[in-house]
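Summary of structural features
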Amino acid sequence: MTVNSPPINSTPVPDALLSVLACPETGGSLVLEQDALVSPTNGTRYPLVGAVPWLLPSPSNSLVDWGAKLNHFNQTLLSEIKDLEKAVAQTDGATHERMQRLLQGKKIFLRRVSELLLPMVRAQASTKQAYDALRDRAPTTQNLLSYEANLYRDWVWGQEENKLTAEIVASLLTNEVAGKVVVIGAGAGRLALDLHRAWQAELTVATDINPLLVMAAEHLLSGSDLPFVEFPLQPRKSEFAAIEHLIHGEERPENFHFVFSDATKPSVKRSAFDVVVTPWFVDIQPLEFGRFLRQLNHYVPVGGQWINFGSLVFNQRREKLCYSIDEVQSIAEQQGFQIESIQEHEIPYLQSPYNAGYRMERVWSWTAKKIADVQAISSPQVLPPWLLDGAQPIPKAEYFQRFAYTHRVYAQLTSEVDGRTSISKIAKKFARQNKMEDSEAQRLVLEFFMDLHRQNT
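For the structure given in this document, a descriptive report is provided here. A quick note: this is a predicted structure, and the numbers were derived from the prediction, not measured.

Looking now at the packing of aromatic side chains. By the definition in use, this model includes 16 aromatic pairs. Seen from their ring centres, Phe-289 and Phe-314 are 5.6 Å apart, and the 70° between their planes marks the pair as edge-to-face. Of this pair, Phe-289 sits in helix α9 (residues 289-296) while Phe-314 sits in the loop between β11 (305-310) and α10 (325-334), and the two are 25 residues apart along the sequence. Taking the relative accessible area as the measure of exposure, Phe-289 reaches 1% and is therefore buried. An aromatic cluster is present here, built from Phe-73, Phe-109, Phe-228 and Phe-231 joined pairwise through their rings. A cation over an aromatic ring shows up here: Lys-69 above the ring of Trp-66, its NZ or CZ 5.5 Å from the ring centre.

Next comes the structure, spelled out in structure tokens:
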């Protein structure tokens, strides 16, 4: 069975959706022209990818970047398939059956993903010749399979978790009516759909940057079934190593739409929504929390509502930016939000019936009212200037020196490998060169080669 992807421009952008969208670079209105939304101010064309607006700044660059991620995915899968074909030939019994199941599953999975993302590949042939700017790259921390398990939770086996999450979040609505709602980081869309129905929202816009999750949800909301393969990390049984699902589609509710959008660079008009929801998002987005809230302030008017749900395990390397719940309240108020109530919950997270491992997650939910306008950051760049401008000098940072030293050591050790020299001899030479005890050098060199062996076998 194949996945029949909808054409790039299968449906026009409805007026209700178009009325809230804006150019992420200028903030101005957009007009629909054939297969793209166009900014009259600067002429930028934002393509429709399977009828979903691709509203990322420098859209051609971001399409090329996600295209590169798709190519990497294809090459990685092809390499895995080649290794599995060898394993199938070298095994027998139950192991042979498991390897055969994995091999067939990987082949099907590769084909399904390629079919599903065909609209994105088509949309790449837009305007830019080359990947000429770093400022609007897809996040390096995300690839096509980031949060892939969320697709199965949302559409296959996560009914308990989905119901519990939706009940918690839906109960936080303080207005009598939801009005217009935007769900940021909506992923495969289940929570956004549940809230849209529970609140009977006038309009719900679900935003994300991951093409696999969004295109899968779009396919399912066209009413079409989606054959897909799940690979549990810790399969409970051999037969669960690769599970072929036929995910059933459903009817799209009225006035529910997906948009490809970066939450830190809003692609909607200022104060366009009555409610903004951030599920499992504030801690994984790249900006410092206060800077992110300056961008979030853009989405709702004074008196509008912000509802948050999820973890506070901040995706920051610096300890001072990994805020506690007490700090969160203070920072929110500085950026125009007054948190009115906070709850703590313990819920199952990704509790798949096919996977031996899952966790109970302690999460926070809160509702906040916007009490003041705060100016958004015009260019919320997380990359330093010397990465954006190739003419600028690279600073003499300590981490470059650490990197250079580490890789000199790696090169020093691997250059000794000639097919005749033992680890003991390499370690003795290493000890002399680096003025350390023979026993310490022996341990470090042995660990290095053990790690190298594990990574390549």
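Right, let's get into unusual backbone geometry. Located in the positive-phi region is Gln-34, a residue other than glycine, with phi close to 55°. Look at Leu-350: it is not a glycine, yet its phi comes out positive at around 55°. Structurally, Leu-350 is set in the loop between β12 (337-349) and β13 (359-370).

We now examine the environment of Ile-394. Mapped onto the secondary structure, Ile-394 falls in the loop between α11 (385-388) and α12 (398-414). A residue is classified by how much of its surface remains accessible, and Ile-394, at 56% relative accessible area, is exposed. In the structure, Ile-394 is positioned 121 residues away from Phe-273 in sequence and 42 Å away in space, judged by C-alpha atoms.

With that settled, consider the environment of Ser-224. Inspection of the secondary structure puts Ser-224 in the loop between α8 (211-221) and β7 (226-230). Residue Ser-224 is classed as partly exposed on the basis of its relative accessible area of 30%. Each C-alpha atom of the pair Ser-224 and Val-445 lies 56 Å from the other, and the pair is 221 residues apart in sequence. Those residues in contact with Ser-224, other than ones at most four positions away along the chain, are His-219, Ile-247 and Gly-249. A distance of 3.2 Å separates polar atoms of two side chains, one belonging to Ser-224 and the other to Ser-222.

Criteria and thresholds
Residues numbered from 1 in each chain as written. Predicted model: local features only at pLDDT ≥ 70, side-chain atom pairs only at ≥ 80, totals over all residues. Heavy atoms only, no water. Phe/Tyr/Trp six-rings, centres within 6.5 Å; stacked < 30°, edge-to-face > 60°. Helix = DSSP H or I, 4+ residues; strand = E, 2+ residues; numbered from the N terminus. Buried < 20%, exposed > 50% of the residue type's maximum accessible area, 1.4 Å probe, protein only. Lys NZ or Arg CZ within 6 Å of the ring centre and 35° of its normal. Contact = heavy atoms within 4.5 Å. Polar contact = N/O pair within 3.5 Å; in protein donor to acceptor, adjacent residues only side chain to side chain.

Any functional reading would require information beyond the geometric quantities listed.
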